[in-house]
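What follows is each chain in one-letter form.
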Amino acid sequence: MVHHDLSGCPGGRQSNHTHFVSCSSLAIGTKTAYRLFSLSSVEQLDQVHENNEIPDVYIVERLFSSSLVVVVSHAKPRQMNVYHFKKGTEICNYSYSSNILSIRLNRQRLIVCLEESIYIHNIKDMKLLKTILDTPPNTTGLCALSINHSNSYLAYPGSSTIGEIVLYDGHNLRTVCTIPAHDGPLAAITFNSTGSKLASASEKGTVIRVFSIPDGQKLYEFRRGMKRYVNISSLVFSMDSQFLCASSNTETVHIFKLEHTTDSRPEEPPTWSGYMGKMFMAATNYLPAQVSDMMNQDRAFATVRLNFSGQRNICTLSTIQKLPRLLVTTSDGHLYIYNLDPQDGGECVLIKKHRLLGSGKTENKENDLRPPLPQSYAATVARQSTVPSSSSMPGYSEDGGALRGEVIPEHEFATGPVCLDDENEFPPVSIRSP
């Protein structure tokens with residue numbers, strides 16, 4: 001499932017928006033329409049839906065690969081509309097007290113993030129279950145929802161000045177813990193597919209940390225770079241949680257490998273290098289934390305050198321035709337597909353380029369050196385997929401912040417929980433084409 005990084009909306013408007021809805025689905029919003037795509041193979045990118053009735057869309061959230069889609073436009077930035085796009089019907093709409101900055105979905109919960117509050121809906125009937133008021137100013141709508149609906153963990157910034165993460169149990173509607181993740185403000189947070197790990201990066205973008213959930217203990221620390229600060233635009237785990245991908249406003253995409261650490265390794269033979277290595281590691285316990293952390297950093301396992309920089313680019317890691325791939329979408333409306341070597345890593349190889357706007361024709365690798373299109377399209381986003389669900393009638397507001405919307409037309413789902421009629425709308429967690 002996918003989400004759009006809303007650093008440019010509303011207010012600093014960007015005209016178009018693209019994101020991965022799942023490892024096999026892609027959604028884009030433009031000034032004139034929104035479109036949904038399905039990626040069935042490296043070569044095959046099919047448009048499955050286009051809606052030209054809603055202009056200037058800046059959030060498109062599809063519930064995995066189901067028929068349920070949530071849309072927010074610049075024309076009505078305080079209103080969320082929920083549609084069954086295959087039937088062409090609106091399920092419900094909700095209005096909020098300020099502009100909607102981001103939306104997250106899983107099979108159990110729908111999360112609406114405003115600058116200083118978060119609304120939690122039950123996705124089965126759209127009833128408002130909880131409003132988290134007076135959250136620290138969150139101008140980009142930064143938050144993450146576990147796609148594992150059995151826990152529905154929600155993470156959001158606990159401060160606007162330091163990198164504190166609040167972990168919230170979206171199933172039982174209670175705060176779990178607060179994680180002191182970084183010294184500076186947060187720029188990116190993401191869960192793995194099971195909701196057992198949480199990765200984060202600060203606005204500096206130099207260090208990425210991974211924490212265990214729900215106890216919030218630090219498991220890994222990766223250094224993206226030391227030479228310059230960057231803006232992390234996407235952070236995403238592979239579905240098996242073996243890899244973590246980070247992209248930024250630079251030309252390099254980093255993929256880190258989450259090695260399994262164990263304390264039961266056999267004793268190394270007594271060599272001089274082994275002795276010095278142990279002394280070095282012991283010394284880190286007595287050094288300043290900043291120096292010690294630098295010594296413990298793990299470098300990227302694999303990288304991609306993009307042929308552009310400065311554009312917002314969002315990534316996801318997926319299995320397509322039984323092979324691991326890195327997918328990169330860019331703010332000029334292109335999708336790049338790279339091979340990832342899961343054993344040796346190194347530089348990922350570009351194998352395909354698709355154009356998401358215009359004719360929809362794909363472009364071969366040889367054409368990738370052409371100058372990019374003007375940066376008129378909004379940021380692209382990548383995230384993972386699991387299993388979809390459904391929605392029904394709107395509920396009511398407990399706090400007055402969300403107003404019940406009008407249902408147009410009188411929907412057949414009004415009498416109870418919605419069951420999406422297409423059984424094949426429950427996709428596999430990764431694409432495995434023959």
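On a predicted model such as this, the values are computed, not experimentally measured, just so you know.

Undergrad: Can you explain the overall build of the protein? Please cite residues and give values.
TA: Looking only at helices and strands, the protein has two helices and 32 strands in total. Looking at the protein as a whole, 58% of its 434 residues are labelled buried. For the protein, long-range pairs separated by at least 24 residues make up 53% of all intrachain contacts whose partners lie at least 6 apart in sequence. Accessible surface computed for the protein: about 18,500 Å², of which carbon and sulfur atoms make up 50%.

Undergrad: I'd like to hear about the nonpolar core, residue by residue, with values.
TA: What tends to happen in soluble globular proteins is that the nonpolar side chains get buried as a cluster. The biggest cluster of nonpolar side chains holds 24 residues, and the ones touching the most others in it are M80, V82, Y96, I100, I103, L110 and V112. Broken down by secondary-structure element, the contributors of at least two residues to this core are strand 5 (57–62), strand 6 (68–73), strand 7 (76–84), strand 8 (89–95), strand 9 (102–105) and strand 10 (109–113). By size, the runner-up hydrophobic cluster in this structure holds 19 residues, among which are V253, C315, V328 and L340.

Undergrad: Break down the environment of P180 for me, citing the residues and quoting the values.
TA: Note on placement: P180 falls in strand 16 (residues 174–182). On the basis of relative accessibility, which here comes to 70%, the residue P180 falls in the exposed class. For the pair formed by P180 and Q217, sequence separation is 37 residues and the distance between their alpha carbons is 9.8 Å.

Undergrad: Residue-level account of the pairing of strand 17 (residues 186–191), with values.
TA: For strand 17, a buried count of five out of six residues is recorded, marking the element as mostly surrounded by other parts of the structure. By the bridge criterion, five bridges tie strand 17 to strand 18 (residues 197–202) in an arrangement that is antiparallel. The partner of T190 across the bridge, within strand 18, is A199. Taken together, strand 17 and the strand that follows it, strand 18, pair antiparallel across an intervening segment of five residues, in which G195 is found at a positive phi of about 75°.

Undergrad: Can you break down the packing of aromatic side chains residue by residue, with the values?
TA: Throughout the structure, instances matching the rule amount to five aromatic pairs. Measuring from centroid to centroid gives 5.9 Å for Y220 and F222, while their planes differ by 10°, and the two rings are stacked. By relative accessible area, F222 is classed as buried at 0%. Through a chain of ring-to-ring contacts, three or more aromatic side chains come together here, namely Y94, Y96 and Y119.

Undergrad: Let's hear about the confidence of the model for the protein: which residues, and what values?
TA: On average, residues of the protein score 75 in pLDDT, and 67% of them are at 70 or above. Within the model, the stretch residues 289–296 combines pLDDT values under 50 with 12 contacts to residues more than four positions away or in other chains.

Undergrad: Residues and numbers for the sheet that holds strand 22 (residues 243–248), please.
TA: Taken in spatial order, the five strands make up an open sheet running 21-22-23-24-28, and their pairing is mixed. Each having just a single partner strand, strand 21 (232–237) and strand 28 (346–347) make up the two edges of the open sheet. As judged from the five bridges shared by strand 21 and strand 22, these two strands associate in the antiparallel manner. Of the residues in strand 22, the one forming a bridge with I232 is S248.

Undergrad: Residues and numbers for the pattern of salt bridges, please.
TA: Taken as a whole and assessed by the stated rule, the structure comprises seven salt bridges. In this structure, R305 and E251 form a salt bridge, with 3.9 Å as the shortest nitrogen-oxygen distance. You can see R305 sitting in strand 24 (residues 302–305) and its partner E251 sitting in the loop between strand 22 and strand 23 (252–257), a full 54 residues away along the chain. For R305, a relative accessible area of 53% gives the class exposed. In this structure, a network of salt bridges that share partners links the residues R209, K218 and E221.

The rules behind these values
Residues numbered from 1 in each chain as written. Predicted model: local features only at pLDDT ≥ 70, side-chain atom pairs only at ≥ 80, totals over all residues. Heavy atoms only, no water. Helix = DSSP H or I, 4+ residues; strand = E, 2+ residues; numbered from the N terminus. Buried < 20%, exposed > 50% of the residue type's maximum accessible area, 1.4 Å probe, protein only. Contact = heavy atoms within 4.5 Å. Areas by Shrake-Rupley, 256 points an atom, 1.4 Å probe, with all protein chains shown as cover. Core = buried A, V, L, I, M, F, W, Y, C linked by side-chain atoms within 4.5 Å. Pairing = 2+ DSSP bridges. Phe/Tyr/Trp six-rings, centres within 6.5 Å; stacked < 30°, edge-to-face > 60°. pLDDT = per-residue confidence, 0-100. Salt bridge = Lys/Arg side-chain N within 4 Å of Asp/Glu carboxyl O.

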